[in-house]
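Structure assessment
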Amino acid sequence: MSEHEYTPKSKAGKWFNDRLPLLTLGAHLTDYPTPKNLNYWWTFGGILTFCLITQIVTGIVLAMHYVAHADLAFASVEHIMRDVNYGWLIRYIHSNGASMFFLAVYIHIFRSLFYGSYKSPREVIWIIGLMIYLLMMAAAFMGYVLPWGQMSFWGATVITNLFSAIPLVGDSITTWLWGAYSVDNPTLNRFFSLHYLIPFLILGLVVLHIWALHVPGNNNPVGIDIKKPSKDTVPFHPYITIKDAFALLVFMIIFAGFVFFTPNVLGHSDNYIPANPLVTPAHIVPEWYLLPFYAILRSVPDKLGGVILMFSAIFILFVLPWLDTSKVRSAVFRPIYRQFFWILVIDVLMLGYVGAMPAEGIYLVLARVGTIYYFLHFIVVMPVVGYLEKTDPIPMSISEPVLTGGTEPSLARKVNDKV
Amino acid sequence: MIKSNIKLLVLSFLLLISLRPLQSAEMVDPIKVDWSFKGLTGKFDRASLQRGFQVYKEVCASCHSMQYLSYRNLGEPGGPEFSEQEVKAIAASFEIEDGPDSQGEMFTRPGKPSDKFKSPYPNVQAATAANGGAYPPDMSVLVKARKGGANYIYSVLVGYEDPPPGVTLDDGVYYNKYMAGNKIKMPNNLMDGLVEYADGTESTVDQMAKDVTTFLAWAAEPELEERHKTGVKVIIYLVLLTILVYLSMKKIWSRVDSEV
C-alpha cells in the first residue's frame with residue numbers, strides 16, 4: 001500500500017530489515033493512507049483490538065488463580081474476588097469486558113451493514129470478521145460456564161443439548177461434547193481449555209482481518225473508492241491514531257462506569273448460586289449478547305428446526321456480499337435500503353428483548369415475527385431493493401463536497417456507473 | 001433522517017420495555033431502602049455493619065453458613081472494622097476443627113482470624129435434613145445471588161404475614177409477601193428486642209433487618225468501598241485524559257480540510 005519504498009536510515013536497521021522487513025511493516029502501518037472522511041463509527045476496529053487485548057491479559061491473570069473443577073470452581077472465583085490482590089477488579093474487567101467487546105462488535109457489524117463495507121472488494125474482510133464473531137460467541141459462552149454458577153451450568157446444559165437435535169448421531173455427539181452423560185466436571189475442564197485457546201485463534205484472525213483490510217484500504221462513509229490519495233486520504237498516524245485514541249477513551253469511561261459502579265448489572269443474579277444439577281432455574285437465559293439468537297431458537301416449535309434456524313441466522317451473513325445487489329455501497333445514498341436498515345436494527349433489538357422473556361404469549365408472537373423479518377431482510381429485501389432502488393447521486397470523490405439531490409450533473413455520477 | 005430514525009428506534013424500544021410488567025404480576029416488588037452504600041460514592045455504615053454481624057452471629061448463623069468469609073475480614077478496611085483484639089476475640093469464641101495432627105487425629109482448637117467462618121452444619125445434606133428439607137443457603141454472596149439484592153433480602157426479613165384467606169400452608173411453611181410464590185421455609189426469626197445491641201441501639205425488627213442486610217451486602221461485596229473510591233479516581237483521570245486527547249486531536253486535524 002505504501003506509495004514509496006521504505007529504507008531504514010541506520011545501517012543496523014537496514015541489515016535487519018533486509019532479513020525480516022518488520023520496519024517496512026511498521027512504516028506501512030504508520031503511513032497507511034486512510035480516507036479522511038471516516039466518522040466515529042470507524043473507531044470501533046481499534047476499540048475491538050483493545051477489548052481483545054484486555055480480555056487476554058485479564059484472562060491470563062484470572063487463570064493463575066482459577067481452578068477448573070466442578071467442586072472448586074465457584075469457590076476459586078470467590079477466592080479471586082476476596083483474597084487475590086485486586087482480584088475483584090481483574091474479574092470485573094474480564095466479565096464486563098466480554099459485554100463491552102460484544103457491544104463494540106455489534107456496532108462494528110452494523111456500521112459495516114450501513115456503509116456497505118462487506119461489498120466488493122472487501123468480502124474476505126467481512127467473512128474473516130464473521131469467523132471472529134463466531135469464535136467470540138464460543139469463547140464467551142464457555143467463559144460464562146467457568147464460574148460454575150446456576151446459569152453457567154444450565155446455560156451449558158441448554159446449549160450443548162442443542163446438538164442432540166441432530167438426527168441419528170445427536171445423542172452421541174452430545175455425550176462426546178460433555179465427556180460424560182451430563183454437563184459435569186469433564187465438560188468444565190474442556191471448556192476451560194477451549195476458553196483459553198479461542199482468544200489466540202481470534203488474535204490470529206484479527207491479523208488476517210487487518211491484512212485483508214490493508215489490501216483494498218478502508219471503506220468510508222460515502223462508500224466510494226479513493227480517487228486521489230493525496231487529497232482524499234490522511235496517513236494513519238497521527239490522524240487516525242489520535243482519533244481512535246479519543247474514541248477509545250470515551251469507550252473506556254463507559255467501561256469503567258460498569259466495572260466500578262454496576263459490575264453485576266449485565267450478569268444474572270442466579271450465577272452467584274453454585275451450580276446445582278437438581279434445581280433448574282425458573283428462566284434459563286444466556287448473556288444479553290446472545291439473546292437475539294436465543295429468541296430465534298425458541299421461536300420454532302421443533303427443536304431441530306430451531307437449531308437450524310439459529311445457525312442459519314449467523315451463516316446467512318457469510319453470503320451477504322452476494323445477496324446485496326446494489327452497486328452503491330453506502331446507505332447514505334440509498335433512501336429505501338436505509339429505512340430497511342433501521343427496521344433491521346429494531347428487529348434485532350426486539351429479538352434480543354423477547355429472548356430474555358419467557359417463550360409464551362405475546363413474546364412468542366414477537367419472536368416469530370422478528371425471526372421471519374430477520375430472514376426476509378437478507379433473502380428478499382436486500383436483493384430486491386438493491387435491484388429496484390433509485391439511489392441518490394453520489395459525489396465524485398471524497399474531497400468533493402457531498403451533493404444534495406439534483407445538483408450539477410458534472411459533479412454527480414449516475415448510479416449505474418461503476419462505483 | 002438518521003436522527004428521526006433513531007427517535008423511532010428509541011420509541012419502539014420503550015414500547016417494548018413497557019410491556020414488561022405483563023410478565024410477573026404475582027410477585028410484590030421489594031421495598032426500596034435508601035442504603036448508605038448505594039450510589040457512586042456509597043459507603044457502608046460502620047456501626048450498622050457491626051450490629052448486623054451481631055444479628056448474624058446470634059440469629060442467622062445457627063442455620064446459615066458464610067463459608068467464603070474469614071474472621072480476619074471483619075477487621076479489614078471497608079468492612080465492620082472491628083479492632084484487631086475484637087477480631088481475635090470473635091475468632092477465638094469458635095471451636096474450629098483442625099488436623100490431622102502428627103498422630104493422624106483431628107482435633108479442635110479456638111479459632112484464629114485466618115480461619116473461615118465456622119459453618120453450622122458439616123455439609124449441605126446435614127443442613128437440608130435439619131431444616132425440613134430446605135437448605136438454608138450460604139449467605140456469603142446471597143445479596144448478589146438474588147434479584148433485587150439488598151432490598152429483596154430486607155423485604156423478605158420484614159415481609160412475614162398471616163396467609164390471606166384461602167391459602168393453606170403445610171407445617172414448616174410460612175407466608176411471606178416478597179418471597180417468590182409467597183412460601184418460605186424459614187420461620188420469622190426476628191422479633192423486637194431479640195438481640196441486645198452493644199451500642200445501645202433499640203433492636204426493632206426493622207432495625208435488625210436493616211443491619212443484617214447491610215452486613216450481608218458487605219459480605220457479598222467486601223470490595224465495594226474501595227471499588228467506589230477507585231472508580232471515582234479512574235473516571236476523573238479518564239475524563240481529563242480524554243479532554244487532552246480531544247484537544248490534541250483538534251490541533252492535529254486542523255492541518256487538513258476535514259472535520260473530526
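Residues numbered from 1 in each chain as written. Chains lettered and ligands numbered in written order. Predicted model: local features only at pLDDT ≥ 70, side-chain atom pairs only at ≥ 80, totals over all residues.

A few words now on the overall build of chain B. Looking only at helices and strands, one finds 7 helices and 4 strands in chain B. When the helices and strands of chain B are listed from N to C terminus, the series reads α-α-α-β-β-α-α-β-β-α-α. Taking the contacts inside chain B whose residues are at least 6 apart along the sequence as the reference set, 58% of them involve residues at least 24 apart. (Helix = DSSP H or I, 4+ residues; strand = E, 2+ residues; numbered from the N terminus. Contact = placed C-beta atoms within 7 Å.)

What follows concerns the overall build of chain A. Within chain A, the regular secondary structure consists of 16 helices and 2 strands. Taking 419 residues into account, the globule formula puts the C-alpha radius of gyration at 22 Å, and chain A, at 24 Å, falls close to it. Here chain A, with 419 residues, has 40% of them falling under the buried criterion. For chain A, the share of sequence-separated contacts (at least 6 apart) that also reach a separation of at least 24 residues comes to 75%. (Rg over C-alpha atoms; globule rule 2.2 N^0.38 Å. Buried ≥ 20, exposed ≤ 12 C-beta atoms within 10 Å, placed from the backbone.)

It is worth spelling out the interface of chain A and chain B at this point. Tallying the contact residues gives 32 residues for chain A and 37 residues for chain B. Sorting the residues of the side of chain A that touches chain B by element identifies α4 (73-82), α11 (236-261) and α15 (335-355) of chain A as the ones contributing at least two each. Sort the elements by how many residues they give to the side of chain A that touches chain B and α11(A) lands first, with 13 residues. A per-class count over the side of chain A that touches chain B returns 25 nonpolar, 3 polar and 4 charged. (Nonpolar A, V, L, I, M, F, W, Y, C, P; charged D, E, K, R; others polar.)

Bringing the domain arrangement of chain A into the picture now. Residue and element names in this part refer to chain A. Taken domain by domain, chain A holds domain 1 (23-266 + 275-284) and domain 2 (287-403). Placing the centre of domain 1 and that of domain 2 at their C-alpha centroids yields a distance of 22 Å. Each partner contributes residues to the interface: domain 1 has 36 residues there, and domain 2 has 27 residues. For the side of domain 1 that touches domain 2, the secondary-structure elements that each account for two or more residues are α5 (87-115), α6 (123-145) and α10 (229-232). Considering each element in turn, the side of domain 1 that touches domain 2 owes the most residues, 8 residues, to α6. Looking at the side of domain 1 that touches domain 2 residue by residue, the classes come out as 21 nonpolar, 8 polar and 7 charged. (Domains from an automatic or database assignment.)

We now examine unusual backbone geometry. Residue and element names in this part refer to chain A. The omega torsion across Ser120 and Pro121 is 5 degrees, close enough to zero to call that bond cis. Phi at Tyr86 takes a positive value of approximately 55 degrees, unusual for a residue other than glycine. Its place among the elements puts Tyr86 in the loop between α4 and α5. The partly exposed category is assigned to Tyr86, around which 14 C-beta atoms lie within 10 Å. Positive phi outside glycine occurs at Leu168, with the angle close to 65 degrees. Within the element layout of this structure, Leu168 appears in the loop between α7 (150-161) and α8 (170-178).

It is worth spelling out the confidence of the model for chain A at this point. Per-chain confidence: chain A averages 94 in pLDDT, with 95% of residues scoring 70 or above. Across residues 404-419 of chain A the pLDDT falls below 50, and counting only partners more than four positions away or on other chains, this stretch makes 17 contacts in the model. (pLDDT = per-residue confidence, 0-100.)

Attention now goes to the confidence of the model for chain B. All names here are of chain B. Of all residues in chain B, 90% attain a pLDDT of 70 or more, and the chain-wide mean is 91. Note on residues 19-25: pLDDT under 50 across the span, and 2 contacts to partners over four residues away in sequence or across chains. ipTM for the predicted complex: 0.91, alongside a pTM of 0.92.

Bringing the nonpolar core into the picture now. General note: in soluble globular proteins, nonpolar side chains tend to be found buried as a group. One finds Ile47(A), Phe101(A), Ala104(A), Ile296(A), Leu351(A) and Val354(A) to be the most contacted residues of the largest nonpolar core, which totals 77 residues. Element by element, the count of residues in this core is highest for α5(A), at 12 residues. For this core, the domains that each give at least three residues are domain 1 (23-266 + 275-284) and domain 2 (287-403) of chain A. Grouped together as the second largest cluster of nonpolar side chains are 38 residues, Phe44(B), Phe117(B), Tyr154(B) and Trp218(B) included. (Core = buried A, V, L, I, M, F, W, Y, C linked by C-beta atoms within 7 Å.)

On to the environment of Ser62(B). Residue and element names in this part refer to chain B. Assignment of secondary structure puts Ser62 in the loop between α2 (46-58) and α3 (84-92). Residue classification places Ser62 among the exposed residues on the basis of 11 C-beta atoms within 10 Å. Linking Ser62 and Tyr121, residues 59 residues apart in sequence, is a C-alpha distance of 8.8 Å.

On to the packing of helix α12 (residues 291-299) of chain A against helix α16 (residues 361-388) of chain A. Helix-helix packing is described using two parameters, namely the angle between the two axes and the distance between the axes. Residues and elements named next belong to chain A. It is at 9 Å that the axes of α12 and α16 come closest, and there the two elements cross at 105 degrees. Classified by the angle their axes make, α12 and α16 are roughly perpendicular. Within the contact between the two elements, α12 uses Ala295, Ile296, Arg298 and Ser299 and α16 uses Leu364, Ala367, Arg368, Gly370, Thr371 and Tyr374. Class assignment of the residues belonging to the contact of α12 with α16 gives a composition of 5 nonpolar, 3 polar and 2 charged. (Axes fitted to C-alpha atoms, helices over the stretch in contact; angles between N-to-C directions. Parallel < 35°, antiparallel > 145°, perpendicular 65-115°, else oblique.)

Here we take up the packing of α5(A) against α6(A). Residues and elements named next belong to chain A. Orientation of α5 relative to α6, taken along the N-to-C sense of each, is 155 degrees, at an axis distance of 11 Å. With respect to each other, α5 and α6 are oriented roughly antiparallel. You can see that α5 and α6 cross each other, and the crossing is left-handed. Counting all contacts with α5, which are made through Ala98, Phe101, Val105 and Ser112, the residues of α6 involved are Trp126, Tyr133, Met136, Ala140 and Gly143. (Left-handed = near helix turned anticlockwise from the far one by under 90°.)

Residues and elements named next belong to chain A. Look at α7: 16 Å from first C-alpha to last across 12 residues, which is about the 16 Å you get at 1.5 Å a residue. Taken together, the buried positions of α7 are occupied by Gln150, Met151, Ser152, Phe153, Trp154, Gly155, Ala156, Ile159 and Thr160. Of the surrounding secondary structure, the elements contacted by the buried residues of α7 are α6, α8 and α9 (185-214). (Expected span 1.5 Å × (residues − 1).)

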